[in-house]
Amino acid sequence: MARTTPARNPEAAKQASTTGEPGRAKTSAKARPGKDDPGRRTPRTAPDGSPGPGPRRRTARLRILAALVAVAAAVGGTVAYRTATAGTGERPVTVDEASRLALSRLNLFQASPVALTLTAAEGGDVTVRVEGVVDYRVRRGVGRYRVTGASGPLDHGLVVWDAGGLGLAPEPAGVDGPAWEQAERVPRQGWSPRSYTADPLDAGLQLVVQLGADRPDNPLLLAQSGARRLGGERLDGRDYDRFAGPRAQGAAPDGERSPLTYWVDGDGGLRRVTMRMPGLGTPTAVEFSGQDGGAKLPEAPWLTG
């Protein structure tokens, strides 16, 4: 999948965006998590008996997850809005920086469908990587996942997700091409739908769905809710500012940084987002690589008849 620069939006509206809390998908018994042995995680099961990614965590972690994902859209707080600051260390955002951060969600929406790579550390040397595409016009994504452990590959397959949950399926035999083309060849009964859990992979997929919006955020509210510039970084020949996102209530204690970090370029193009998860040293990371105009998103498996 070719890497391109993020799409740009030259004009910004001034109204604030609002995003509803993710719904819940109907849970399928086929996709319940299980245990293998005390030293290894057992991925969830797909219809053919092959495992799918990640285990279920305790209920308390679900509440933390809800707060983490809400940070992508929520604003509010009392941190002073600053028009200019000097120095290169961590500091509150300037007017220009807040405006670019506010534009990033609209730019992502307008670039849809966009290619992405999501990497989630599940703990115990287990990592899940999803390469796919998300379309913010329908708030749905599709991708190919790979699960690896200390001993090598553990599992692979297809995943489709939206705000309410996800569906897993084995990759169809003899079908090449991107994940969205392979997903079109999977029959409806071939998908295992389930609700989101507190796993890092699930948290990352929920976050991805909420990152794009059909209007920009309010720059003033972003700054007032604690958005901060953390520094700069050059990626593939392009300069990006790293921003700590706004703090949603319950996602970070007062005075602490948001668990979300955004890489935004000079035009408000969003390149990367990372999310720190409780109890894990490696953040879940989402990399956007530009528009994939030919992609066609399949219907959510649990909504088809």
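Only a predicted model underlies this, so the values are computations on that prediction, with no experimental measurement involved. (Residues numbered from 1 in each chain as written. Predicted model: local features only at pLDDT ≥ 70, side-chain atom pairs only at ≥ 80, totals over all residues. Heavy atoms only, no water.)

Student: Is there a simple way to explain the overall build of the chain in this structure?
Tutor: Along the chain, the regular secondary structure elements total 5 helices and 14 strands. Counting the 305 residues in the chain, one finds 55% classified as buried. Look at the contacts in the chain between residues 6 or more apart in sequence, and 63% of them connect residues 24 or more apart. Carbon and sulfur atoms form 48% of the exposed surface of the chain, whose accessible area is close to 13,500 Å². (Helix = DSSP H or I, 4+ residues; strand = E, 2+ residues; numbered from the N terminus. Buried < 20%, exposed > 50% of the residue type's maximum accessible area, 1.4 Å probe, protein only. Contact = heavy atoms within 4.5 Å. Areas by Shrake-Rupley, 256 points an atom, 1.4 Å probe, with all protein chains shown as cover.)

Student: Even after reading the chapter, I still don't get the pattern of salt bridges, so can you show me in this structure?
Tutor: Oppositely charged side chains can form a pair if their charged atoms are brought close together. Applying the stated criterion across every chain yields a total of 22 salt bridges. As a salt-bridge pair, D217 and R105 come within 3.1 Å of each other at their nearest N and O atoms. One end of the pair, D217, is in the loop between α4 (200-211) and α5 (219-224); the other, R105, is in helix α2 (residues 95-110), and 112 residues separate them in sequence. Residue D217 is classed as buried on the basis of its relative accessible area, which comes to 6%. One salt bridge in this structure joins R234 and D239, with 2.7 Å as the shortest N-O distance. A single network of salt bridges, built from pairs that share partners, joins R91, D96, E97, R100, R229 and D241. (Salt bridge = Lys/Arg side-chain N within 4 Å of Asp/Glu carboxyl O.)

Student: Can you help me understand α2 in this one?
Tutor: Helical geometry note: an α-helix holds 3.6 residues per turn, so side chains three or four residues apart project in the same direction. Spanning 16 residues, α2 covers 23 Å between terminal C-alpha atoms, matching the ideal 22 Å at 1.5 Å per step. The largest bend along α2 measures about 30° and falls at S104. Looking only at α2, the buried set comprises E97, A98, R100, L101, A102, L103, S104, R105, L106, N107 and L108. (Expected span 1.5 Å × (residues − 1). Bend = angle between axes of the 7 residues up to and from the residue.)

Student: Is there a simple way to think about the side chain of S112 in this case?
Tutor: Tracing the chain through its elements places S112 in the loop between α2 and β4 (114-123). S112 gets classed as buried once you look at its relative accessible area, which sits at 5%. Engagement of the side chain of S112 in a polar contact is seen with the backbone oxygen of F109, the distance being 3.0 Å. Among the polar contacts made by the side chain of S112, one reaches the main-chain amide nitrogen of Y136 at a distance of 3.0 Å. Beyond its immediate stretch of four places on either side in the chain, S112 contacts V134, D135, Y136, R137 and Q291. (Polar contact = N/O pair within 3.5 Å; in protein donor to acceptor, adjacent residues only side chain to side chain.)

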